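The chain contents come next:
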Amino acid sequence: MRRPKIQPSRNKLDMTDQAQVRVVTKRLKMSPGELTEMVERIGNSIAAITKEVTQQRAAKAAPEGAVIASVTVTETKAEVIVPDETPAAT
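Because the structure is a prediction, the values reported are computed rather than measured. (Residues numbered from 1 in each chain as written. Predicted model: local features only at pLDDT ≥ 70, side-chain atom pairs only at ≥ 80, totals over all residues. Heavy atoms only, no water.)

Observations regarding the environment of V53
By the secondary structure assignment, V53 is in helix α3 (residues 46-61). Distance in space between the C-alpha atoms of V53 and L28 is 7.5 Å, their sequence separation being 25 residues. Not counting chain neighbours up to four residues away, the residues in contact with V53 comprise L28, M30 and M38. (Helix = DSSP H or I, 4+ residues; strand = E, 2+ residues; numbered from the N terminus. Contact = heavy atoms within 4.5 Å.)

Quick look at unusual backbone geometry
Positive phi is not limited to glycine here, since K29 has a value of about 55 degrees. As for its position among the elements, K29 is in the loop between α1 (18-28) and α2 (32-42).

A short note on the environment of Q18
Locating Q18 in the fold gives a position in helix α1. With relative accessibility at 55%, the residue Q18 sits in the exposed group. Put simply, Q18 and P32 are 14 residues apart on the chain and 9.8 Å apart in space, counted from C-alpha to C-alpha. (Buried < 20%, exposed > 50% of the residue type's maximum accessible area, 1.4 Å probe, protein only.)

Topic: the packing of α2 against α3
Their axes nearest at 10 Å, the elements α2 and α3 cross at an angle of 110 degrees. The angle between α2 and α3 falls in the class roughly perpendicular. The chirality of how α2 crosses α3 is right-handed. In contact with L35, M38, V39, R41 and I42 of α2, α3 contributes A48, I49, E52, V53 and Q56. Each residue belonging to the contact of α2 with α3 can be placed in one class, and the counts come to seven nonpolar, one polar and two charged. (Axes fitted to C-alpha atoms, helices over the stretch in contact; angles between N-to-C directions. Parallel < 35°, antiparallel > 145°, perpendicular 65-115°, else oblique. Left-handed = near helix turned anticlockwise from the far one by under 90°. Nonpolar A, V, L, I, M, F, W, Y, C, P; charged D, E, K, R; others polar.)

Brief notes about α1
Every buried residue of α1 is listed here: V21, V24, T25 and L28. Looking straight down α1, one finds that the buried residues subtend no more than 95 degrees of arc, so they occupy a single side. Facing away from the buried side of α1 by more than 90 degrees, the exposed set consists of R22, V23, K26 and R27. The secondary structure elements touched by the buried residues of α1 are α2 and α3. Downstream of α1 by one or two residues, K29 has phi in the positive range, about 55 degrees. (Arc of directions from axis to C-beta.)

This is how it looks when you write it as structure tokens:
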């Protein structure tokens, strides 16, 4: 009887498989230790790991103050219309 080979989940990282670890660390440009720490913190979803790495790199690349300073503020002259005083109805 032929049994099909069990296919591993394609979106989960198996930390015991050195080939998978090597490919992911090379693609994300991180050390195996950093990857291990991130997997312990987030989980073994490759999508979640990739998202976390890109968010960390974006935060390091653009400090919070630089983003605020790059925004230009335009002021417009606003007209304030005050209604005339009318006598109260008795």
